[in-house]
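Descriptive analysis of the structure
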Amino acid sequence: EYEGVKAMSDTNTIQVPTPIAFGQFEKTGQGFALFEYLDFCGGGSQYELGVQLAKMHRFTSNKGFGFHIDNTIGATPQPNSWKSNWADFWDEHRLGHMLKLTGDAGLTKDKVEKLRQKTRELLSHNPLPSIIHGDLWGGNKGFCKKEGKAIPVIFDPATYYGDREADVAMT
């Protein structure tokens, strides 16, 4: 999570909790991450959140689709090795990975193959690999007070470089 928040923070486009430190406790082996405290509040402009998110999505990777480390989406491990093609990345690291974790969701081998083929066709529009939050649902965005204003903030990401439409679809 620290690495994902840091990557989004480095764009200087949308407020995230500034990453401070991460590590592992020697005695227990438990990991920790430390972030800036934000004073969350109600209200704020959803439009401004969208504008700032779009600015973040302008940051792209010359390595392709993926991220320099694997991460999680919720408690589910999420592989992120680099792929040069969006459809390949999504098929292998998102859809294919989830199908494997669920035992193909009870589908026949033929149905799984048809699903994966159709998904690859739909995703073959060659988008730029943009930095995305990766888990941008209503519980991972909000507003915080800064200098007396309610500003948009995003947090708890599953960051990677992907099609920016993935953030819009999740939202």
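Summary of the structure given here. These numbers come from a predicted model, not from an experiment. (Residues numbered from 1 in each chain as written. Predicted model: local features only at pLDDT ≥ 70, side-chain atom pairs only at ≥ 80, totals over all residues. Heavy atoms only, no water.)

Another point: the overall build of the protein chain. Looking only at helices and strands, the protein chain has 5 helices and 9 strands in total. Counting helices and strands in the order they occur from the N terminus, the protein chain gives α-β-β-β-α-β-β-α-α-β-β-β-β-α. Seen through its principal axes, the protein chain has C-alpha atoms that stretch 55 × 45 × 30 Å. Looking at the protein chain residue by residue over its 171 residues, the buried ones come to 39%. Carbon and sulfur atoms provide 53% of the accessible area of the protein chain, an area that totals close to 10,100 Å². If the 19 positive side-chain charges of the protein chain are averaged to one point and the 21 negative ones to another, these points end up 3 Å apart. (Helix = DSSP H or I, 4+ residues; strand = E, 2+ residues; numbered from the N terminus. Buried < 20%, exposed > 50% of the residue type's maximum accessible area, 1.4 Å probe, protein only. Areas by Shrake-Rupley, 256 points an atom, 1.4 Å probe, with all protein chains shown as cover. Lys, Arg positive; Asp, Glu negative; His and termini not counted. Charge placed at Lys NZ, Arg CZ, Asp CG, Glu CD.)

Scanning all chains against the criterion turns up 10 aromatic pairs. Summarising the aromatic geometry, the rings of Y2 and F35 are spaced 6.4 Å apart at their centres and angled 40 degrees between planes, so their arrangement reads as tilted. With a gap of 33 residues between them, Y2 in helix α1 (residues 2-9) and F35 in strand β2 (residues 31-35) connect regions that are remote in the sequence. Aromatic side chains W86 and W90 sit 5.5 Å apart centroid to centroid with 50 degrees between the ring planes, which places their arrangement in the tilted category. Here the residue W86 and the residue W90 both occupy positions in helix α3 (residues 86-101), the gap between them amounting to 4 residues, near one helical turn. The class for W86 is buried, based on a relative accessible area of 4%. Pairwise contacts between aromatic rings join F65, W86, F89, W90 and Y160 into one cluster. If you follow R94 out to its NZ or CZ, it ends over the ring of Y160, 4.2 Å from the centre. (Phe/Tyr/Trp six-rings, centres within 6.5 Å; stacked < 30°, edge-to-face > 60°. Lys NZ or Arg CZ within 6 Å of the ring centre and 35° of its normal.)

Moving on: the pairing of strand β8 (residues 149-154). Bridging between strand β7 (residues 141-146) and β8 involves 6 bridges; their strand directions are antiparallel. Across the sheet, residue F143 finds its bridge partner in β8, namely P152. Between β7 and β8, which pair antiparallel and follow one another directly, the connecting turn spans 2 residues, one of which, E147, has a positive phi of 55 degrees. (Pairing = 2+ DSSP bridges.)

All right, on to the pattern of salt bridges then. A complete count under the given rule lists 5 salt bridges for this structure. The partner of K83 in a salt bridge is E92, with the nearest N and O atoms 2.7 Å apart. Between K114 and D110 there is a salt bridge whose closest N-O contact spans 3.4 Å. Here K114 pairs with D110, and both are found in helix α4 (residues 109-122), just 4 residues apart, close to one helical turn. (Salt bridge = Lys/Arg side-chain N within 4 Å of Asp/Glu carboxyl O.)

Moving on, we come to the pairing of β7. The two faces of the sheet receive side chains in turn, since in a regular strand these alternate between them. For strand β3 (residues 40-41) and β7, the ladder comprises 2 bridges, and the chain directions are antiparallel. The residue of β7 that forms the bridge with C41 is F143.

All we've got here are geometric facts, nothing functional implied.
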